[in-house]
Amino acid sequence: MSNMMKQEEMETLRELIKDVDTAMLTTVTEEGLVSRPMKTQEVEFAGDLWFFTKKETNKYEEIIHDQDVNVAYAGKSYVSVRGRAEIVEDLDKKKELWSKAYEKIMQTSYDDPNVVLIKVKAEAAEYWETGNFTKKIAFLYKRMTGQSSKSTDVNETVELNK
């Protein structure tokens, strides 16, 4: 894949997720998959997604044991981002991304050693553009019945790391 194509795909993804305030982060546990809402960081998307968390959370432990994650966005369109997560404790990066809203939500400050960042390096994304209700229904029906959904042409998949 050319760098130009990759840049265009990043721009498409950036546009699709830029106004979605909350994403669903899915991690792997011993029992299976678990999803939870996470506040999306207001940074320019360049292949990485950023989230704040604390060390004493299940998601922290889950990412330490298995870095495969998925981040889903629902807004004007639907976006599913597959990637690898890592825990980042960089004080400068925490300060850069911190806002008063986090201080209120997390009831602490960015320099609290218990506060960490989750960095998700996007590997691939799949998205469904809204607008054609008939195609969405056909796509969902075909998926539910196990039929191929390729003929409905309502979604696109982009590989970001190849």
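Residues numbered from 1 in each chain as written. Predicted model: local features only at pLDDT ≥ 70, side-chain atom pairs only at ≥ 80, totals over all residues. Heavy atoms only, no water.

Asker: Just to check I follow, could you spell out the pairing of strand β3 (residues 48-54) for this structure?
Answerer: Consecutive side chains along a regular strand alternate between the two faces of the sheet. β3 sits mainly inside the fold: six of its seven residues count as buried. In terms of strand pairing, β3 meets strand β6 (residues 115-129) through seven bridges, oriented antiparallel. Residue Phe52 lies in a different strand from β6, and its bridge partner there is Leu117. (Buried < 20%, exposed > 50% of the residue type's maximum accessible area, 1.4 Å probe, protein only. Helix = DSSP H or I, 4+ residues; strand = E, 2+ residues; numbered from the N terminus. Pairing = 2+ DSSP bridges.)

Asker: Any chance you could explain the packing of aromatic side chains here in plain terms?
Answerer: Where two aromatic rings form a pair, the distance of their centres and the angle of their planes describe that pair. One pass over the full model with this rule turns up three aromatic pairs. Judged by centre distance (5.0 Å) and plane angle (90°), the rings of Phe52 and Trp98 are edge-to-face. In this pair, Phe52 is assigned in strand β3 and Trp98 in the loop between α3 (91-97) and α4 (100-106), connecting sequence segments 46 residues apart. For the residue pair Phe52 and Trp98, the accessibility class agrees, reading buried in each case. Residues Phe52 and Tyr102 carry aromatic rings whose centres are separated by 4.8 Å and whose planes lie at 50° to one another, so their mutual orientation is tilted. Pair noted here: Phe52 is in strand β3 and Tyr102 is in helix α4, with a separation of 50 residues, a long-range link. Both residues of the pair, Phe52 and Tyr102, belong to the buried class. Connected via pairs of aromatic rings, a cluster forms that spans Phe52, Trp98 and Tyr102. The cationic tip of Lys93 hangs over the ring face of Trp50; the distance from NZ or CZ to the ring centre is 4.7 Å. (Phe/Tyr/Trp six-rings, centres within 6.5 Å; stacked < 30°, edge-to-face > 60°. Lys NZ or Arg CZ within 6 Å of the ring centre and 35° of its normal.)

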